[in-house]
Amino acid sequence: MTETREMFEAREGEQRLENDPALMPPDGGIVFIGRIASPWTTRETCPKNMRAARDTGQKAVLTIDAAYRSGLQGLERASHVIILSWLHHAPRDLIVQKPRHAAEAKGVFSLRSPARPNPIGLHIARLVALDQRTGRIDLDAIDVLDGTPVIDLKPYFASTDAIAEATIEGRDEPDRTRR
């Protein structure tokens, strides 16, 4: 647990939970179905989001474990995939955070930070190539550290997953109006 906290320095205005969720009995069982190989080995070099990851031009590979490879059948039809990852280096007890770029602290559920009670990452990546036999999925980019476990993989459907009118008040997003 010490390694996790060292990666996330304490900032003014932050609050931690009284009980660390990592030490609590689980409510449900999650299994890792694979791992991501990425060029990022430190938090400082890892892109903060998928847009920044794409801007680097660095590719990534997701390898699905043998037991789950038959679940890849038909996925080659998708141009993009949704990846749910387990951000295993993140602290789980940080409930109020002070982002470097923010003037004030915010609750974890209003942020996209990896530090959260259940450190689940959500990534939408372009599927470049898929080999079901080896479980290898080549991706256009990823914004996680090398070796990050994967907990699920789903096809991305632009018709139902994209919400063009979605906004966050106070966030500079050109050509968006709040509805």
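Please refer to the structure higher up on the page.
Residues numbered from 1 in each chain as written. Predicted model: local features only at pLDDT ≥ 70, side-chain atom pairs only at ≥ 80, totals over all residues. Heavy atoms only, no water.

### Describing the overall build of the chain
What counts here: A run of DSSP states H or I qualifies as a helix once it reaches four residues; a run of E qualifies as a strand once it reaches two. Both are numbered from the N-terminal end. Only C-alpha atoms enter the radius of gyration, while the globule expectation follows 2.2 Å times N to the 0.38, with N the number of residues.
Within the chain, the regular secondary structure consists of 3 helices and 9 strands. Helices and strands in the chain line up, N terminus first, as α-β-β-α-β-β-β-β-β-β-β-α. By the compact-globule yardstick of 16 Å for 179 residues, the chain fits well, its C-alpha radius of gyration being 17 Å. Principal-axis analysis of the C-alpha atoms places the extent of the chain at approximately 50 × 45 × 30 Å.

### Considering the sheet that holds strand β8 (residues 136-139)
The condition is simple: Between any two strands, at least two bridges found by DSSP are needed for them to pair. All axes are obtained by fitting lines to C-alpha atoms, using only the stretch in contact for helices, and the reported angles, taken between N-to-C directions, cover 0 to 180 degrees.
Spatially, the 6 strands close up into a barrel ordered β2-β3-β8-β7-β4-β9, and their pairing is antiparallel. Each strand axis lies, on average, 45° off the axis of its neighbour in the sheet, ignoring direction. Sheet analysis places strand β2 (residues 34-37) next to strand β9 (residues 148-155), joined by 3 bridges and oriented antiparallel. Each residue of the ladder has a partner; that of G34, found in β9, is V150.

### Points about the pattern of salt bridges
What counts here: Whenever a carboxyl oxygen of Asp or Glu lies within 4 Å of a side-chain nitrogen of Lys or Arg, that contact is scored as a salt bridge. Burial classification: accessible surface area is computed with a 1.4 Å probe over protein chains only, and a residue below 20% of its type maximum counts as buried, one above 50% as exposed, and the rest as partly exposed.
On inspection of all chains with the given rule, the structure shows 7 salt bridges. Among the salt bridges present, the one from R16 reaches D93, with a minimum N-O distance of 2.6 Å. Pair noted here: R16 is in strand β1 (residues 15-16) and D93 is in the loop between β4 (80-86) and β5 (94-97), with a separation of 77 residues, a long-range link. Exposure remark for R16: the relative accessible area of 32% places this residue in the partly exposed category. Two residues, D138 and R136, come together in a salt bridge whose shortest N-O distance is 2.6 Å. Residue classification places R136 among the partly exposed positions, given a relative accessible area of 40%. The network of salt bridges with common partners includes E9, R11, R43 and R100.

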